[in-house]
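Listed here are the chains, written in short residue letters.
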Amino acid sequence: MFVMRQTHYAKWAFAFLLLVLISNLLVYRSPISSTVIPEDSFWLVAGSLVDFGLVVPLLVLLSFHINAKQLLAVIAAGLIAARFIIPALYFEPFAPIFYIGLAIEMLVLAAELALLGLLLIHISKIRRSMLKQSGSPLFALFPAVHENVKPNPLIHIVLSEALAFYYAFCTWKKQPPEDPASITLHKNTSSIAFNIMLIHAIVIETIGIHWWLHDKSALLSIVLLILNVYSVIYFIGDIQATRLNPLTIKDGNLHVSLGLNKRISAPLESIRAVRWGAKPEANALAFVAKDFEEPEPQVVIDFNMPQQAVLFFGKTQPVSQIALKVDDPEKLRRLLDGAK
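Residues numbered from 1 in each chain as written. Predicted model: local features only at pLDDT ≥ 70, side-chain atom pairs only at ≥ 80, totals over all residues. Heavy atoms only, no water.

Colleague: Before we move on, could you go through the packing of helix 6 (residues 95–121) against helix 9 (residues 153–169) and cite the residues and values that matter?
Modeller: In the contact formed by helix 6 and helix 9, the axes pass within 9 Å of each other and the chain directions differ by 50 degrees. As the angle between them shows, helix 6 and helix 9 are arranged oblique. Crossing handedness for the pair helix 6 and helix 9: right-handed. Taken together, the residues of helix 9 that come into contact with helix 6 (itself represented by E112, L115, L116 and L119) are L154, I155, V158 and L159. A per-class count over the contact of helix 6 with helix 9 returns seven nonpolar, no polar and one charged. (Axes fitted to C-alpha atoms, helices over the stretch in contact; angles between N-to-C directions. Helix = DSSP H or I, 4+ residues; strand = E, 2+ residues; numbered from the N terminus. Parallel < 35°, antiparallel > 145°, perpendicular 65-115°, else oblique. Left-handed = near helix turned anticlockwise from the far one by under 90°. Contact = heavy atoms within 4.5 Å. Nonpolar A, V, L, I, M, F, W, Y, C, P; charged D, E, K, R; others polar.)

What follows is the structure, encoded as structure tokens:
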């Protein structure tokens, strides 16, 4: 999962990255290919392989935050992609390079699968860690895993999917917490109704499009069916996560989430300022439930130092400010004032 660097040169690097890729596509896979490829294509193909194996990875490194393993995967992917972009007739003298790229990619994949195996090995420890935290799985799962397994983007994706399926299938007997330290964010909005409407639309679209497309392309219809079923499961999980995880202020910590898409847990001592009626900054993380009209946040909370938020597919992001809209703002005011 690549995150773009927030620097001026990163944008230029990304532009050059697109230029390199497009120029190679034009050379080998366009109407002008027959006129620009010389009869002796050895050095032209060699230059393209340098592009895919060296220039493209360097530009990706300059454009995005990636680690050494991800850089290795980009190099391997570039060498593999070269095989499919460069016609086989011209690529033949360099055929071993394709297998080198494939071998590197397999090693990287094996390393990722080994991490998943390590996750399975530590399941019992992870479960015990979650029980000790005695909090919602939405907030307890990631810290419990990080106690036993090194953080990794693939593991974050797997954990996020596990949470989606857990809330979709395993939480129907659970009731939302109703205690003095909890405040809901969704009851005065159309957030859940909006998700139910999306589920209905997906089901209707699945029934209609699947049967129409099945005669034209059985494979494509099956792929779309799987994606639509997953979307329904995800939206059901998102509804349940929203219902069962209100904002809470307990044990000196602020826990706030909005479904499966975003959540943050921060110590109350890290709060620098609470500003009611203030306008949030552009980079603030907003916990404002969806509605048919654009809702405005009621309060902005600033932190002394950036706090780690968890976003879609387990992506983490440092956050210095959050904006909230809750169902009982006076109760939130009392809880925050009482925590000072």
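Colleague: Would you mind going over the layout of surface pockets in detail, with residue names and values included?
Modeller: If you add up the space inside the largest pocket, you get close to 850 Å³. Forming the walls of the largest pocket are 31 residues, and the residues nearest its centre are G135, S136, F139, A140 and H255. When residues of the lining of the largest pocket are traced back to their parent elements, those giving at least two are helix 8 (137–146), helix 9, strand 4 (247–250), strand 5 (253–258), strand 6 (262–267) and strand 9 (299–310). In terms of residue count, helix 8 provides more of the lining of the largest pocket than any other element does, seven residues in total. Counted by class, the lining of the largest pocket contains 13 nonpolar, 14 polar and four charged residues. As a volume, the second largest pocket reaches approximately 540 Å³. What lines the second largest pocket is a set of 17 residues, and nearest its centre among them are I126, R127, M130, L141 and A162. (1 Å grid on protein atoms, 1.4 Å probe; cavity = no way out; pocket = protein on both sides within 12 Å on 5 of 7 lines; lining within 4 Å. Points joined across faces, edges and corners; volume = space filled by probe spheres on them.)

Colleague: Requested: an account of empty space enclosed by the protein, with residues and values cited.
Modeller: According to the stated counting rule, one finds three cavities of 30 Å³ or more in the structure shown. What lines the largest cavity is L138, S160, E161, L163, Y234, L260, R263, L311, F312, F313 and G314. Per-element tally for the lining of the largest cavity: the top contributor is helix 9, with three residues. Class assignment of the residues belonging to the lining of the largest cavity gives a composition of seven nonpolar, two polar and two charged. By volume, the second largest cavity amounts to about 40 Å³. Taken together, E205, T206, I209, H210, S221, L224, L225 and N228 form the lining of the second largest cavity. Put simply, the parts of the chain that give the lining of the second largest cavity at least two residues each are helix 10 (191–214) and helix 11 (218–244).

Colleague: Which residues make up the side chain of S48, and what values do they have?
Modeller: Within the secondary structure, S48 sits in helix 3 (residues 42–63). For S48, a relative accessible area of 5% translates into the label buried. Only 2.7 Å separates the side chain of S48 from the side chain of Y28, close enough to count as a polar contact. If we ignore the near neighbours within four places in the chain, the residues touching S48 are N24, Y28 and I86. (Buried < 20%, exposed > 50% of the residue type's maximum accessible area, 1.4 Å probe, protein only. Polar contact = N/O pair within 3.5 Å; in protein donor to acceptor, adjacent residues only side chain to side chain.)

Colleague: I'd love a proper account of the pairing of strand 10 (residues 316–324), names of residues and values included.
Modeller: Where strand 8 (residues 285–287) and strand 10 come together, three bridges link them in parallel fashion. Within strand 10, the residue paired with A286 across the bridge is A323. Sheet topology note: the strand 9/strand 10 ladder contains eight bridges and is antiparallel. The residue bridging D302 from the neighbouring strand is Q321, located in strand 10. If you look at the hairpin formed by strand 9 and strand 10, you'll find five residues sitting between the two strands, and F313 has a positive phi there, around 60 degrees. (Pairing = 2+ DSSP bridges.)

Colleague: With reference to specific residues and values, describe the nonpolar core.
Modeller: L247, F287, I322, L324 and L332 are the most contacted members of the largest nonpolar core, which has 26 residues in total. Among the elements of the structure, strand 4, strand 5, strand 6, strand 8, strand 9, strand 10 and helix 12 (329–338) are those that each provide at least two residues to this core. Among the elements that line this core, the one with the most residues is strand 9, at four residues. Once residues lying within four places of it in the same chain are set aside, the contact partners of L332 are I183, L247, I249, W276, V299, L324 and V326. (Core = buried A, V, L, I, M, F, W, Y, C linked by side-chain atoms within 4.5 Å.)

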